[in-house]
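Summary of the model geometry
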Amino acid sequence: MHAEADSGAVVPGPGSPEAGGQQGLSHWMRVHPVTSMIVRRILLGVVTIVMIAIIVYAATLVIPGNAATAILGRNAQPAKVVQLEKELGLNEPVLTRFVNWAENAIQLNFGNSLGEGVAVTQREKATENSVTSLARDRLANSAILVAAAALISTLLGLLTGVYAAYRRDGFFDTVGSVVSLVASALPEFVVAIFCVLLFATSLFTWFPAISVLEPGQSILSEPEKLVLPVLALVIVVTPYMFRMTRGAMIEALDSDYVEFARMKGASTARIAFRHALPNALPPIIQVVGLNLLFLAGGIVLVEAIFNFPGIGSMLVAAINGRDVNEIQFIVILLAVFYVLLNIITDVCVLLVTPRRRYPR
Amino acid sequence: MSAANGAGARPAVEVRDLCVSMIGSGVPIVSGVSFDVAERETLGLVGESGSGKSTVAVALLGFARPGLEITGGSVRIGEVEVLDLKDEALREARGELVSYVPQDPAAGLNPAHRIGTQLREAFQVHEKLGKNELRGRIEELLKAVNLPTDKQFLRCYPHQLSGGQQQRVVIAIAFACRPRLIVLDEPTTGLDVTTQRYILETINDMAANFGASAVYVSHDLPAVAEVAARTAVMYAGRIVEVATTEQLFSQPRHPYSAGLLNAAPSAHQANRLVGIEGRPPRPGHWPQGCSYAPRCPHARADCRQAVPPLAPTESGSLVRCLHPMAVSDGGVLRLVPSPKPEVKGGEALEIERLVADYGGRQILHEVGFAVKEGECTAVVGESGSGKTTLARCLVGLHTRWDGEIRLDGESLRQGARERSREQLRRMQYIFQNPFGSLNPTMTVAENIEEPLRHFESLSRNERRAKALEVLGTVHLGEDFADVLPGRISGGERQRVAVGRALVVNPEVLVCDEITSALDVSVQALLVEQLRDLQMQRGLTMVFITHNLAVVRSIAQNVIVLQTGTIVEAGSVEGVLSAPKHPYTRQLLEDLPTLDPAEQATAGGAK
Ligand code: SF4
């Protein structure tokens, strides 16, 4: 790509003084528009993740109680609490705890779940109670949930959006716009409960209302338990996809280059998919990225409602159990996902925008 | 043979009674347009914005823009009746039988596709060609429009080309399948004169070599004079005059044609520009009878009864007017020289050794000149000459400069923020784009009042009174006070921008390409208005433009800027009549002109 950027140089013509070489400071940015952006974004992402780790750690200190009181219950004897706190290492000063945690976290060791009551002395070595191994199966389940919801909503939103834009103000467009407006006004828990009511309990009883699994069991072994959570998420995010695709396509279809393509004699399909869509892609990619981010956050609520064995419900349990290690791990996992997704989105946008890929 | 018909027995293109209306309301946009184009002939189609010329242009390809529909008439090209074609047949005809060159090449080329892809598409949507044959055809096309044929060029994206190159790519695409008719919709608007000259020559050569007929739609009379043998003038959706171009420009018969000519500036003579007051009727509000009657100086009672027919005159042209102008009337007004303002002694603005850079590149090299009080100095140059940067340095919007700018002897700081309020008040700036410079959410009066808030402490009522007064000065009147800028025309908006600059009583006005987006009749009004202000108020002006003809009508002195260096400076009279620098000479030569005698000596496009 860089070779192209170099060789596909501006061809000087009459009245184009821009053809003169630009040197100096702007030189390296010209050569590596993509690379320089990725490097900047990764650095920024690392800073973001560190800040999130600190803020979340601080937040766990603010909520009353700790892992020891959570395990032993409200009526526990104070002496036992002190004992357990000592075993869990909760008696050490906050700063020491955080530094210890951070040192291990950098080596990708996120410690053991506190909820399982593992003694502090064993915390250094990874056991089956390490948060990473506890989260592994759940992570897979959540990934399947997000991926399925993302795939379905993206395809659905894209196709309906393109069609609605092409038949602007037609029946489909009008209905689609109204439906999407209504759907996007509903909070996800309402949608989830609505799905349960409709398809699991009262009207139809096609699918299980909750998605409980044996520990370690994959959701793929009982795919019917995936249906309602995916449906709820699809209903929540598809309207955004639809509206953004529709808007971007309409703008592209109204452009002069589409009119010119029509005047050239290009066919309808060619105009929609070869001329308009490539130019509508940047905003569409951006909204796909945003939707994925939203899904990663949205699973926390939806998983909790369906009791779905993913990291979202794990996070809720971890907060209830004041399990700092689990909380930190999951939050950082989500943060890394956010950062990576943002970078990927921006790179994709850059790749489909020649104007930015090859600056003049 | 009358001027309405092209040469030969059966014209290559025959348009009859073409009508285009709004869908739903049925309001006519184009009504009963008829004309012929002979083989290899280029017909000019002239009109101002809103005249319906562009609607006619696309209707020749059986196309109507969103919200419009072709409601009747016939467009015959060769043996094919375009308006009868449906779906696939129509798609086939577009590009192959009749092709289109859009106004803005930068917008017409798909920004997501490489040049090669777009050239290939022109063929591929119509015929299956082998790889080698395709390459050969593209090479041939590119050579014909004088573009490079190498791989590197084909791999470029549109934004990597200059405006002239983009336009030549578009022309190549239009000629690709050797269509019988080519419709050119304002193809040179927004291009530099040199590039424009080049494009006009390319169009002429291509039309001749490829044996195509052409319809050249434009608001730019001199450009039309360069390419078209016959010209039709449109006003409010109808053709009002068809004549040979020579006849039309020397002896216009329709009062509107004459009005357009009187509004067009000439680089060779400092004419008093006469604009056409009022505005063209909007669709749905066409007056009864002759649509031009409300603005026509020759209107009589019978004009308002029925739409006059497009009738032949004794000179062979067709005119839609009950009282056409006598042959001797045409062009008389053009000879009225423009008055000269009195210039007082002192120097209002002095610029010395001005050096500016942008993005690490030097834009201005030691530019220096002075403007006397009450005088107008024009700064002329093509895009990339640094003229806009110069304007932005003067008013402190571009802050990275060195040298000296003195306003009334006081030297100015770089940025507007570092300058005193009084200094800011004394020098006002009017932008090129009247759409961008006004706040669309505020009414016209509020927009005009805005600077008063910064510079003066007045009560609400006082501000309002001043705004109304200024609206009078720029000939808009109080009716405009409470309208939003989005509801008024481009020319009116630009007058509002002038009003906003004037409201704080500046001594120096910096105008950056303020007429370039306007129709000639509107441009003429604005130029005359600025000159009136200059005479009445002793206003000093720096008038930045690429249009040498306007310079002649408004400025006393001119500096010519080429890539950031002043190549020639002096009185307008001296520089434009006897240019010394080759660049100035080139600019003048490239300028399309209405005068047939000058056309013969200039450029030689025909
Ligand atoms: S018909 Fe009457 S109003 Fe119309 S242009 Fe002729 S003279 Fe003017």
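Just so you know, these numbers come straight off a predicted model, no measurement behind them.

Here the focus is helix α8 (residues 171-185) of chain A. Residue and element names in this part refer to chain A. In this model, α8 (15 residues) spans 22 Å end to end at C-alpha, consistent with the 21 Å of a helix rising 1.5 Å per residue. When we look at burial in α8, the residues that qualify are Asp 173, Gly 176, Ser 180, Ala 183 and Ser 184. Seen along its axis, α8 keeps its buried residues to an arc of 105°; they face one direction. Residues of α8 that are exposed and angled more than 90 degrees away from the buried face: Phe 171, Val 179, Leu 181 and Ala 185. Structurally, α8 contributes buried residues whose contacts are with α7 (131-166) and α10 (224-253).

A separate point is the environment of Leu 340 of chain A. All names here are of chain A. Examined against the element boundaries, Leu 340 turns out to sit in helix α14 (residues 324-351). We classify Leu 340 as partly exposed; its relative accessible area is 48%. Between the C-alpha atoms of Leu 340 and Ile 42, which are 298 residues apart in sequence, the distance is 8.2 Å.

Turning our attention to the side chain of Gln 423 of chain B. Residue and element names in this part refer to chain B. Here Gln 423 lies in helix α13 (residues 421-426). The buried category is assigned to Gln 423, whose relative accessible area is 11%. With sequence-adjacent residues up to four places away left out, Gln 423 is seen in contact with Leu 407, Glu 410, Ser 411 and Leu 412.

Turning next to the site of the ligand. Near the ligand, the surroundings consist of His 254, Pro 255, Cys 290, Ala 293, Cys 296, His 298, Ala 299, Cys 303, Pro 308, Cys 321, Leu 322 and His 323 of chain B. For the shell around the ligand, a count of residues per class yields nine nonpolar, three polar and no charged.

If the charged atoms of two oppositely charged side chains come close together, the side chains can form a pair. Residue and element names in this part refer to chain B. By the definition in use, this model includes 34 salt bridges over all chains. For Arg 425, the salt bridge goes to Glu 507, with nearest N and O atoms at 3.9 Å. Of the two residues, Arg 425 is situated in helix α13 and Glu 507 in the loop between α17 (490-502) and β19 (508-512); the sequence distance between them amounts to 82 residues. Residue Arg 425 is classed as buried on the basis of its relative accessible area of 13%. Salt-bridge contacts for Glu 528 lead to Arg 531; the nearest nitrogen and oxygen are separated by 2.7 Å. Taken together, the residues span about one helical turn, with Glu 528 and Arg 531 both in helix α18 (residues 520-537) at a distance of three residues. Of the two residues, Glu 528 and Arg 531, neither departs from the other in class, the shared state being buried.

Cut-offs and rules
- Residues numbered from 1 in each chain as written.
- Chains lettered and ligands numbered in written order.
- Predicted model: local features only at pLDDT ≥ 70, side-chain atom pairs only at ≥ 80, totals over all residues.
- Heavy atoms only, no water.
- Helix = DSSP H or I, 4+ residues; strand = E, 2+ residues; numbered from the N terminus.
- Expected span 1.5 Å × (residues − 1).
- Buried < 20%, exposed > 50% of the residue type's maximum accessible area, 1.4 Å probe, protein only.
- Arc of directions from axis to C-beta.
- Contact = heavy atoms within 4.5 Å.
- Near = heavy atom within 4 Å.
- Nonpolar A, V, L, I, M, F, W, Y, C, P; charged D, E, K, R; others polar.
- Salt bridge = Lys/Arg side-chain N within 4 Å of Asp/Glu carboxyl O.

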